[in-house]
Amino acid sequence: MKPRHPRPTLVDAYLTELDPDGRAFGTRGHDPCPSSIAWGAAGAAYFLYRLGTIEESHEIMNWSKSWVEQAVQTGIENPDRAFFSIDDTLARERIGESSLFHSMSGVRLIQVLIARAMQDKQSEALATAAFSRLVSRSPTHTDIFLGSAGELLGCAHLAQDGAQTSDDVRVAGDTLLAGTLANLGDWIEDANNQRAGTSVGVAHGGAGLIQACLVWTEAIGGDIPDEVYLGLDALSGLGTRNGRATTWERVLNPSRSGESDTSWCNGSAGIGLVYLTAARMLDDDSYLQMGLRAVFDLVERGTNSVTLCCGAAGHVYSLRSASRLTGDKRWERHGHLLAQEAARWLVENQPHATDSHGLFKSGLGLALTTVDGSDEAGTMPFFEPTHREPG
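Heads up: these notes are all about the structure in this document. Here the structure is a predicted model, which is why all the values come from computation and not from measurement. (Residues numbered from 1 in each chain as written. Predicted model: local features only at pLDDT ≥ 70, side-chain atom pairs only at ≥ 80, totals over all residues. Heavy atoms only, no water.)

1. Focus: the overall build of the chain
Then, in step 1: Scanning the chain from terminus to terminus reveals 16 helices and two strands.
Then, in step 2: For the chain, the proportion of its 391 residues judged to be buried stands at 58%.
Then, in step 3: For the chain, the share of sequence-separated contacts (at least 6 apart) that also reach a separation of at least 24 residues comes to 70%.
Then, in step 4: For the chain, the exposed area adds up to about 16,000 Å²; of that, 47% sits on carbon and sulfur atoms. (Helix = DSSP H or I, 4+ residues; strand = E, 2+ residues; numbered from the N terminus. Buried < 20%, exposed > 50% of the residue type's maximum accessible area, 1.4 Å probe, protein only. Contact = heavy atoms within 4.5 Å. Areas by Shrake-Rupley, 256 points an atom, 1.4 Å probe, with all protein chains shown as cover.)

Below is the structure:
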């Protein structure tokens, strides 16, 4: 095990909560969907996997394995309880069954990552086969957060950095890419025609489709499809310049009076990451400048949330990406201060925050930014590739 520096209070608070011998393990707690990455045990498992990898802790890696096995077991025995709730926003009819973040495919992805880290070849092979079967089904939705584009990102996560990936994952990824490109083509037409109601951001809109295509193409060493360039151009045309910053509507409104925000899911934090990814891969300064204008929006407007999906944690990853790509450490310092302030607020004002274990929908994502801050591979989970040097 690496000798570690004292962990921040929030990280230690979550470790106390996530100890498999503690009160939280095996209970639903405050998680509406207790198995998923977004809301439950798979998110906790990923957090522990990252921490265990960085600290080279066999004990914490075993904790991560226990949490993901719990997520798998609940997902098999009672999928309605594991991934859905009676709340309309998380009902099966709305969420569907093809989401990396809300369904069993995401749980199996975490299981593969943990098995790889523990060099458990048999468990890795079994989990990879299960993941491949799940992402080969007809998708319920097509976006990143609920649908097939997110599962394409999952395939890319398994294939990146030259990792040995099964033929089934490659076939599934190529099939998902073809579908995502077709959906991106439809989105480009809607965006260029300013069709009212068109989603723009990464979670449910065209920005996410672009990112999924970029990340998969890089993972397999493929050529960038023409639709990606057209999509980046269409997305830039939807932005509104405001001084140093650029903003985007969540959903297109022909009068350009629609709501905009700074979140990863629907706003400038996520769109900024798309352009920064494109700038790094394509060595295009116009994409870099667009990405930085999006990140300026985070600095100027801030957020009232702490989560990875909607708030400060997502901002931190965008700021770090800007710092890595430009070499300007002011972005990273701003992200570090933001994470510190958000964690302090959470600990002081939300004493039961650690009762929720979802990576994207609780304070756990904020704790992950601290864990990832000590490792150059720490990028926005399941959205950016692990860190690569520019060029």
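2. As for the side chain of Thr277
Then, in step 1: Here Thr277 shows up in helix α12 (residues 268-282).
Then, in step 2: For Thr277, a relative accessible area of 3% corresponds to the buried category.
Then, in step 3: When sequence neighbours within four positions are dropped, the list of residues in contact with Thr277 reads Gln211 and Leu214.

3. Details of the pattern of salt bridges
Then, in step 1: This model, assessed by the stated rule, comprises 13 salt bridges.
Then, in step 2: Close ionic contact of Glu97 with Arg92 constitutes a salt bridge, the shortest N to O distance being 2.6 Å.
Then, in step 3: Residue classification places Glu97 among the partly exposed residues on the basis of a relative accessible area of 35%.
Then, in step 4: Note on Arg92: relative accessible area 29%, which makes it partly exposed.
Then, in step 5: In this structure, the salt-bridge partner of Arg280 is Glu218, at a minimum N-O distance of 2.8 Å. (Salt bridge = Lys/Arg side-chain N within 4 Å of Asp/Glu carboxyl O.)

4. Concerning the nonpolar core
Then, in step 1: Core analysis: the largest hydrophobic core is formed by 124 residues, its most contacted members being Phe47, Trp264, Phe360 and Phe382.
Then, in step 2: By residue number, the principal contributor to this core is helix α2 (residues 41-55), which donates 10 residues.
Then, in step 3: Non-local contacts of Phe47, meaning those with residues more than four positions away in its chain, are made with Val11, Tyr14, Leu18, Leu364, Ala367, Leu368 and Val371. (Core = buried A, V, L, I, M, F, W, Y, C linked by side-chain atoms within 4.5 Å.)

5. Considerations on the packing of α2 against helix α3 (residues 58-77)
Then, in step 1: Relative orientation of the contacting elements α2 and α3 amounts to 165°, with a least axis distance of 8 Å. Here α2 lies roughly antiparallel to α3, going by the angle between them. Here α2 runs over α3; the crossing is left-handed. Residues Ala41, Ala42, Ala44, Ala45, Leu48, Tyr49, Leu51, Gly52, Thr53 and Glu55 of α2 pack against Ile60, Met61, Trp63, Ser64, Trp67, Val68, Gln70 and Ala71 of α3.
Then, in step 2: Taken together, the residues of the contact of α2 with α3 break down into 13 nonpolar, four polar and one charged. (Axes fitted to C-alpha atoms, helices over the stretch in contact; angles between N-to-C directions. Parallel < 35°, antiparallel > 145°, perpendicular 65-115°, else oblique. Left-handed = near helix turned anticlockwise from the far one by under 90°. Nonpolar A, V, L, I, M, F, W, Y, C, P; charged D, E, K, R; others polar.)

6. Quick notes on the packing of helix α6 (residues 104-117) against helix α7 (residues 121-135)
Then, in step 1: Where α6 meets α7, the closest approach of the two axes is 8 Å, and the angle between their N-to-C directions is 155°. When the axes of α6 and α7 are compared, the pair comes out roughly antiparallel. The crossing of α6 and α7 is left-handed. Between α6 and α7, the residues in contact are Met104, Ser105, Arg108, Leu109, Gln111, Val112, Ala115 and Arg116 and Ser123, Glu124, Ala127, Thr128, Ala130, Phe131, Leu134 and Val135, respectively.
Then, in step 2: Residue composition of the contact of α6 with α7, grouped by class: nine nonpolar, four polar and three charged.

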